[in-house]
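# Overview (structure and organization)
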Amino acid sequence: MFLRHFLLKETCCILRKRLISSVKTGPSITDAAMGRISQVTKVIAEGGYEKIFHQTFEVAPGEKLKKPYACYLSTSAGPVMGVFYLSNVKLAFCSDNPLAYQVGDKTEWSYYKVVIPLVQLRSVNSSTSRTNASEKYIQVVSVDNHEFWFMGFVYYDSAVKNLQEALQEAQNLRA
């Protein structure tokens, strides 16, 4: 009984630390926490990540969503909160909210999306901040040398593992 209680307490502590670390990535902890709550509400209301993936991206015949990960994409304008989707065909990211941009004197709004076919991946690299070990990043590099930096994963180790496996599978297909 004691061991089970201890393990449950330790698991909760680890998850709390991961969640706090992922929320710290946002502009403020309150905004990031509210964003995560909003994201979970959207996922429930729209029928789950699989359904959202199919509605948001063009899906090839036989394509299956392997894993979704809530995270941030680093951009020149700052981190963008969204969902990173890993399928058996591609990796994709879509922001949780539309972002504003200027077209002449008019403000337009659009979701920030990134789509990279797995066969176009060159590398997947995990990285940790030298000054703060809880800040962990995943660098994704395409074969045409475009770099994408993702951060704020609650399940960072799982994301790295699954991305590296997807890269290996894609490289085996190219060989």
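Residues numbered from 1 in each chain as written. Predicted model: local features only at pLDDT ≥ 70, side-chain atom pairs only at ≥ 80, totals over all residues. Heavy atoms only, no water.

### Description of the nonpolar core
- Counting residues in each nonpolar core, the largest one holds 25 residues, and the members touching the most others are Phe84, Ile138, Val140 and Phe150.
- Only β1 (65–75), β2 (78–87), β3 (90–95), β6 (113–117), β7 (121–128), β8 (136–142), β9 (147–151) and α4 (156–174) provide two or more residues apiece to this core.
- With seven residues, the top contributor of residues to this core is α4.
- Filtering out sequence-adjacent residues up to four positions away, Phe150 remains in contact with Cys71, Tyr72, Leu73, Phe84, Phe93, Lys136, Tyr137, Ile138 and Val140.
- Core analysis: the next-biggest nonpolar cluster, separate from the first, contains eight residues, Phe57, Val83, Tyr85 and Ala92 among them. (Core = buried A, V, L, I, M, F, W, Y, C linked by side-chain atoms within 4.5 Å. Buried < 20%, exposed > 50% of the residue type's maximum accessible area, 1.4 Å probe, protein only. Helix = DSSP H or I, 4+ residues; strand = E, 2+ residues; numbered from the N terminus. Contact = heavy atoms within 4.5 Å.)

### Looking at the sheet that holds β6
- Across the sheet, which stays open at both edges, the seven strands sit in the order β6-β3-β2-β1-β9-β8-β7 with antiparallel pairing between neighbours. Each edge of the sheet is formed by a strand with only one pairing partner; in this case those strands are β6 and β7. Pairs of neighbouring strands in the sheet enclose a mean axial angle of 30°, with direction left out of account.
- One ladder, built from seven bridges, connects β7 with β8; its direction is antiparallel. The residue of β8 that forms the bridge with Ser123 is Val141.
- Against the sheet, helix α3 (residues 49–56) touches β1, β2, β3 and β6, its axis set at about 100° to β2.
- Set on the sheet, α4 makes contact with β1, β2, β3, β7 and β8; between it and β7 the angle comes to about 160°. (Pairing = 2+ DSSP bridges. Axes fitted to C-alpha atoms, helices over the stretch in contact; angles between N-to-C directions.)

### Looking at the confidence of the model for the protein
- Summing up the model confidence of the protein, the mean pLDDT is 80 and the portion of residues at 70 or higher is 73%.
- Low pLDDT, under 50, characterises residues 1–25; the predicted model gives this stretch 20 contacts beyond four residues in sequence or across chains. (pLDDT = per-residue confidence, 0-100.)

### Considering the pattern of salt bridges
- With the rule as written, the count across this model stands at four salt bridges.
- Close ionic contact of Lys106 with Glu108 constitutes a salt bridge, the shortest N to O distance being 3.5 Å.
- Overall, the relative accessible area of 24% leaves Glu108 in the partly exposed class.
- Between Glu165 and Lys161 there is a salt bridge whose closest N-O contact spans 3.3 Å. Highlighted residues: Glu165 and Lys161, both in helix α4, separated by four residues, approximately one helical turn. (Salt bridge = Lys/Arg side-chain N within 4 Å of Asp/Glu carboxyl O.)

### Side note on the packing of aromatic side chains
- Counted according to the given criterion, the structure contains nine aromatic pairs.
- Aromatic side chains Phe84 and Phe153 sit 6.2 Å apart centroid to centroid with 70° between the ring planes, which places their arrangement in the edge-to-face category. Placement of the pair is Phe84 in strand β2 and Phe153 in the loop between β9 and α4, with a sequence separation of 69 residues.
- What makes Phe84 buried here is its relative accessible area of 1%.
- Looking at Phe153, the relative accessible area reads 7%, which means it is buried.
- Lying over the aromatic face of Phe57, Lys113 brings its terminal NZ or CZ to 5.6 Å of the ring centre. (Phe/Tyr/Trp six-rings, centres within 6.5 Å; stacked < 30°, edge-to-face > 60°. Lys NZ or Arg CZ within 6 Å of the ring centre and 35° of its normal.)

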